[in-house]
Amino acid sequence: MKQYRALGGLAALALLTLTACGGGSSNPLSTASSAVPASASGSGSAPAGGAGSVTVGSANFPENVLLAEIYAGALKAKGVQVTKKLSIGSRETYIPGLQDGSIDVIPEYSGVLLQYFDKAATAVSSDDVYAALPKALPATLQVLEQSKAEDKDAIVVSKATADKYKLTSIADLAPVAKDLVLGGPPEFKTRPDGVPGLASKYSVTFKEFKALDVGGPLTVNALKNGQVQAADLFSTDSSIVTNGFVVLADPKSLYTAQNVLPLINKAKLTPAITEALNGVSAKLDTPTLTTLLAKVAVDKKEPADVAAEWLKTNGLG
Amino acid sequence: MIGDVVGWLTDPAHWSGVDGIPTHLFEHVWYSLLAVVVAAAIALPLGLLIGHTGRGTFVVAGLANGLRALPTLGLLILFVILLSPHITGTLVYLLPSEIVLVLLAVPPILTSTYAGVQNVPPAVRDAAEGMGMTGFRVLTRVELPCALPLLLSGVRAATLQCIATATVAAYVSLGGFGRYVVDGLAQRDFPQMAAGAVLVAGLALVADALLVLLERLTVSPGVSGRFGEPAGAGGSGRVRGMSRMVQRFLPLRTNLSRQETS
């Protein structure tokens, strides 16, 4: 529905891009190189041959703002003219903004982005989700290469628990979970990927489930102080770094992949932009993002400064 | 919606097990009762003392009313986070829950107790003293029975508040009917949430009815109003001024007023 409405509102631009791209954009890895010159010359909104100019947007939570600052910094370093419109709001607000040209690029998460455009999507692993994205996205939008960084639900244990039971993956919990208490948000008790999912996919059944908060202070403190031995937290939560928690791997993809990746208006793409953003994605992984986010959330540093510092040390800024 | 709630409440699956209504009823009553008993143990002696001596009313009344303004949920989470490094097990959630409930229950019991004692007609107090009662006997034999209706209304208010607020215990992983409210909201299971609210309201009504019954049984008929106003209630200022003189004739005066009112 949303797709059609958006397309209706942007019929002219969509038509231009569709005709310009022809049929060669189904492979996500080839789109970046093949589609860019075509759409750039077709729409005329990006200066042909130049580095281009974009408006970087972000959702209204610290991690997304930080990612947008990283994108903005990397783009500037490649000579792209960058305007920032950060903390816009939720996906329901900024996706229309991306389609009407208010913003041109935004850091996104692969799983929820796919879900937004395709309610019936079933892909869960990083590769499957990424492969499904180009077909689900409206013709005006495109994702560039995805990073290894993911922000999603994760089963997290304390260092002591991980050492004691030699835990690295959720599957390792199966024989020992009967002695452990799991903490998480109240809905985790009934959510398909919560307690029932752990039981059906990994045969992990905990002694008890304690309903706490959504990755908030109650859950973090309970895990830190031993009221629970395992907890559902977000994989980029700064408390994971500050408390030395261990994130258990999810080899069976109980949680849909949520790789960080740039979502961009195709008409604005230039080779310089592609190069800059793919450069960021190549260097970004979950521990990096978690550490950077901790600098913003815990040390109260400016997202722009944290972004600039990281870009510099990685030769991107 | 109402049908859904009734359906939820009458589903046999919700009446057994660790997440069943009987389990959560027991927990809810336990949290509330514990809080009211602890609050009464603090507030009753303090209230009687303040009412009897007339000292500290301003400070204690201000403090008690200040306590009422504390945000329960914020305080609860603060206590959990402060205590969690020092206490293990479920106590780390039970103790903060009880602290915030006691803080809520103390002010109504405290204020109603000292107000009840202070509102005992001075003539009655004077009469008791005139009969040679010691301060402690005046308090227990005269002031306390006279203050009992107001005192018990404070206990009733505190109990209702505790039963309603004990739902926050579920916010920090404990049980009680709050479990249905908190889980129902998080799981978008609104019949469960509404059923939780109905159960809390029902429990509050039952508890209130029981306390009314207690009031009937414990309050002296002379105080509860069956004989009209207690002796000397009207025109207390004048009576107080005359009290020293009247003391001598008290038995007579009491008889007289009984005759007048009955």
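Every chain's residues receive numbers from 1 upward, in the order its sequence appears when written. Throughout, the order in which chains and ligands are written sets their labels, letters from A for the former and numbers from 1 for the latter. In keeping with the model being predicted, local features are shown solely for residues with a pLDDT of at least 70 and side-chain atom pairs are shown and tallied solely at 80 or more, while totals for entire chains, interfaces and linings include all residues. Water and hydrogen atoms play no part in the side-chain values, which are based on all heavy atoms of the structure.

### Examining the overall build of chain B
Link 1 in the chain: Only DSSP runs of H or I reaching four residues or more are called helices, and only runs of E reaching two or more are called strands; each is numbered from the N terminus. Helices and strands together make up the secondary structure of chain B, namely 13 helices and zero strands.
Link 2 in the chain: When the elements of chain B are put in sequence order from the N terminus, they spell out α-α-α-α-α-α-α-α-α-α-α-α-α.
Link 3 in the chain: Across chain B, the fraction of contacts at a sequence separation of at least 24, relative to all contacts at a separation of at least 6, is 74%.
Link 4 in the chain: Accessible surface is estimated by sampling points in the Shrake-Rupley manner with a 1.4 Å probe; for residues, cover comes only from the protein chains shown. Accessible area for chain B stands at about 13,700 Å²; split by element, carbon and sulfur atoms hold 68% of it. Whether two residues are in contact is decided by their heavy atoms: any pair within 4.5 Å suffices.

### Some words on the interface of chain B and chain A
Link 1 in the chain: On the side of chain A, 13 residues touch chain B, which itself brings 21 residues to the contact.
Link 2 in the chain: Counting each side, the surface lost to burial between chain B and chain A is near 1,300 Å², with a carbon and sulfur contribution of 56%.
Link 3 in the chain: By convention in these notes, a salt bridge is any Lys or Arg side-chain nitrogen within 4 Å of a carboxyl oxygen on Asp or Glu. Where chain B touches chain A, the interface holds two salt bridges.
Link 4 in the chain: Here Lys189 of chain A ties to Asp183 of chain B by a salt bridge, and the two come within 2.6 Å at their closest N and O atoms.
Link 5 in the chain: In protein, a polar contact means a hydrogen-donor-capable atom and an acceptor-capable atom, both N or O and within 3.5 Å, with residues adjacent in sequence counting only if both atoms are side-chain atoms; elsewhere, any N or O pair within 3.5 Å suffices. Summed over the shared surface of chain B and chain A, the result is nine residue pairs in polar contact (both at pLDDT 80 or more).
Link 6 in the chain: Top contributing element to the side of chain B that touches chain A by residue count: helix 8 (residues 178-186) of chain B, with four residues. When two parts are put together, the accessible area they lose, computed with a 1.4 Å probe and summed over both, is reported as buried area.

### Observations regarding the packing of helix 1 (residues 2-10) of chain B against helix 9 (residues 190-218) of chain B
Residues and elements named next belong to chain B.
Link 1 in the chain: Only the stretch in contact is used when fitting a helix axis, every axis being a line fitted to C-alpha atoms; angles between N-to-C directions are given from 0 to 180 degrees. Closest axis-to-axis distance for the helix 1/helix 9 pair is 8 Å, and the angle between their directions is 75°. Here helix 1 lies roughly perpendicular to helix 9, going by the angle between them. Here Asp4, Val5, Trp8 and Leu9 of helix 1 come into contact with helix 9, specifically with Pro191, Gln192, Ala194, Ala195, Val198 and Leu199.
Link 2 in the chain: Classifying every residue of the contact of helix 1 with helix 9 gives eight nonpolar, one polar and one charged. Any angle that is under 35 degrees is reported as roughly parallel, and any over 145 degrees as roughly antiparallel; angles of 65 to 115 degrees are reported as roughly perpendicular and all others as oblique. The nonpolar class holds Ala, Val, Leu, Ile, Met, Phe, Trp, Tyr, Cys and Pro. Asp, Glu, Lys and Arg form the charged class, and all remaining residues, Gly among them, are polar.

### Digging into the side chain of His24 of chain B
All names here are of chain B.
Link 1 in the chain: Its place among the elements puts His24 in helix 2 (residues 21-53).
Link 2 in the chain: Categorising residues by exposure relies on relative accessible area from a 1.4 Å probe, with only protein chains included: less than 20% of the type maximum marks a residue as buried, more than 50% marks it as exposed, and the intermediate range marks it as partly exposed. Exposure remark for His24: the relative accessible area of 2% places this residue in the buried category.
Link 3 in the chain: Sequence-distant contacts of His24, that is, excluding residues within four places in its chain, are made with Val18, Asp19, Gly175, Gly176, Phe177, Arg179 and Tyr180.

### With respect to the sheet that holds strand 5 (residues 153-157) of chain A
Residues and elements named next belong to chain A.
Link 1 in the chain: Strand pairing requires that DSSP identify at least two bridges connecting the strands. Taken together, the five strands give an open sheet; going across it, the order is 7-6-8-5-9, and neighbouring strands pair in mixed fashion. The open sheet has two edge strands with one neighbour each: strand 7 (208-211) and strand 9 (246-247).
Link 2 in the chain: Note that strand 6 (residues 181-184) and strand 8 (residues 230-234) share two bridges and pair parallel. Looking at the pairing, Leu182 lines up with Ala230 of strand 8.
Link 3 in the chain: Strands strand 5, strand 6 and strand 8 of the sheet are contacted by helix 10 (residues 217-225), whose axis makes an angle of about 140° with strand 8.

### Considering the environment of Val280 of chain A
All names here are of chain A.
Link 1 in the chain: Along the polypeptide, Val280 turns up in helix 12 (residues 271-283).
Link 2 in the chain: Linking Val280 and Ser58, residues 222 residues apart in sequence, is a C-alpha distance of 16 Å.
Link 3 in the chain: Setting aside chain neighbours within four positions, we find Val280 in contact with Ile70, Tyr71, Ala74, Trp310, Leu311 and Leu316.

### Focus on the domain arrangement of chain A
Residue and element names in this part refer to chain A.
Link 1 in the chain: Split by domain assignment, chain A resolves into domain 1 (10-150 + 257-313) and domain 2 (153-247).
Link 2 in the chain: Counting residues at the interface gives ten residues for domain 1, matched by six residues for domain 2.
Link 3 in the chain: Carbon and sulfur atoms supply 67% of the area buried between domain 1 and domain 2, which totals about 590 Å² over both sides.
Link 4 in the chain: If you look at where domain 1 meets domain 2, you find zero salt bridges. Here the bounds of each domain stem from an automatic or database domain assignment.

### Topic: helix 6 (residues 110-117) of chain A
Link 1 in the chain: Within helix 6 of chain A, six of the eight residues are buried, leaving the element largely enclosed by the surrounding structure.
Link 2 in the chain: Looking only at helix 6 of chain A, the buried set comprises Ser110, Gly111, Leu113, Leu114, Tyr116 and Phe117 of chain A.

### Focus on helix 5 (residues 91-118) of chain B
Residue and element names in this part refer to chain B.
Link 1 in the chain: End to end, helix 5 covers 39 Å across 28 residues, agreeing with the expected 40 Å (1.5 Å per residue, within 8%).
Link 2 in the chain: Where helix 5 bends most, at Val106, the angle is about 25°, and the proline Pro107 comes one to four residues later.
Link 3 in the chain: Taking burial as the measure, the 28 residues of helix 5 include 22 buried ones, the bulk of the element. Expected span of a helix: the number of residues minus one, times 1.5 Å. By definition, a residue's bend is the angle between the axes fitted to the seven residues ending there and the seven starting there.

### Focus: the pairing of strand 10 (residues 260-265) of chain A
Residues and elements named next belong to chain A.
Link 1 in the chain: Within strand 10, six of the six residues are buried, leaving the element largely enclosed by the surrounding structure.
Link 2 in the chain: Alternating positions in strand 10 separate into two faces, Val260, Pro262 and Ile264 on one and Leu261, Leu263 and Asn265 on the other, with burial throughout.
Link 3 in the chain: Relative to strand 10, strand 3 (residues 105-109) runs antiparallel, the two being bridged by five bridges. Each bridged residue has a counterpart across the sheet, and for Pro107 the counterpart in strand 10 is Pro262.

### Comments concerning the pairing of strand 3 of chain A
Successive side chains on a regular strand alternate, one facing one side of the sheet and the next facing the other.
Link 1 in the chain: Strand 3 of chain A sits mainly inside the fold: five of its five residues count as buried.
Link 2 in the chain: Neither face of strand 3 of chain A is exposed, since Val105, Pro107 and Tyr109 of chain A on one face and Ile106 and Glu108 of chain A on the opposite face are all buried.

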